[in-house]
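# Examining the three-dimensional arrangement
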Amino acid sequence: MTPTPLKPKSWRDSYTEYKEIVAPPHCNHHGTVFGGHILALIDKVAGVVAMEHCGSPSVVTASMDRVNFYQPVKQGQILHLQARLTYTGRSSMEILVRVYGKDLKDPDRKPWLTCEAFTTFVLVDAEGRPVRAVPPLLLETEEDRRLYEEALARRQARLRERGTVS
Ligand SMILES: CC(C)(COP(=O)(O)OP(=O)(O)OC[C@H]1O[C@@H](n2cnc3c(N)ncnc32)[C@H](O)[C@@H]1OP(=O)(O)O)[C@@H](O)C(=O)NCCC(=O)NCCS
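Our subject in this report is the structure included herewith. Just so it is clear, the structure is predicted and the values come from calculations on it, not from any experiment. (Residues numbered from 1 in each chain as written. Predicted model: local features only at pLDDT ≥ 70, side-chain atom pairs only at ≥ 80, totals over all residues.)

The next subject is the site of the ligand. Around the ligand sit 18 residues, and of these Ser63, Gly89, Ser91, Ser92 and Thr120 come closest. Those elements that provide at least two residues to the shell around the ligand are strand E2 (59-64), strand E5 (112-123) and helix H2 (142-162). Top contributing element to the shell around the ligand by residue count: E2, with four residues. Of the residues that constitute the shell around the ligand, the class distribution is six nonpolar, eight polar and four charged. (Near = placed C-beta within 6 Å. Helix = DSSP H or I, 4+ residues; strand = E, 2+ residues; numbered from the N terminus. Nonpolar A, V, L, I, M, F, W, Y, C, P; charged D, E, K, R; others polar.)

Dropping the structure here:
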């Protein structure tokens, strides 16, 4: 019997934001937030997007692409993460996370992009094996289509790096 096709879903249904004020334990001796702290937040927020999209908590991080830090965020400033789905495969999902800094003490300064990351999560079963049951992503706008097309190339590059595609 042919399985029933999964209903496509908009990225808006799983879009997730998270904010926190940068506290001393998360800073280095320059008073700048540790890159590793930001990476952990990216992983958590992107994981929530993946779970919401599949309607299941059984997802694992498969990869996080290279992350460049453009501008620092310092103690007392705000970290603002915005995470959206950009691509769905059979069991995998790509999520783009953008991280901004904001300084409440300097209202004239616009929020600045500190980094962005493309993460891939995979829906798994109880044994940790991929489950090919991720609802397809609804492509509604030009930007949705552009991000999706670009994600296909990123996927190929990742699998090539992993040694799965020559
Ligand atoms: C991610 C994982 C489940 C993939 O399992 P696998 O048996 O190698 O899977 P497959 O080769 O069948 O690929 C399954 C899907 O994952 C994707 N994938 C696999 N490795 C990937 C990688 N490094 N980056 C991006 N996507 C990846 C594939 O493209 C495929 O997607 P699709 O079903 O949408 O086409 C497995 O490698 C794993 O469990 N890794 C550890 C995850 C983990 O514990 N993360 C937390 C940090 S330790």
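After that view, the rundown keeps rolling.
Quick look at the pairing of strand E3 (residues 78-88) now. Counting buried residues along E3, eight of its 11 residues qualify, which places the element largely inside the surrounding structure. Pairing of E3 with strand E4 (residues 92-102) involves 10 bridges; the strand directions are antiparallel. Bridged to Ala83 within E4 is Val97. Between E3 and the antiparallel strand that follows it, E4, lie three residues. (Buried ≥ 20, exposed ≤ 12 C-beta atoms within 10 Å, placed from the backbone. Pairing = 2+ DSSP bridges.)

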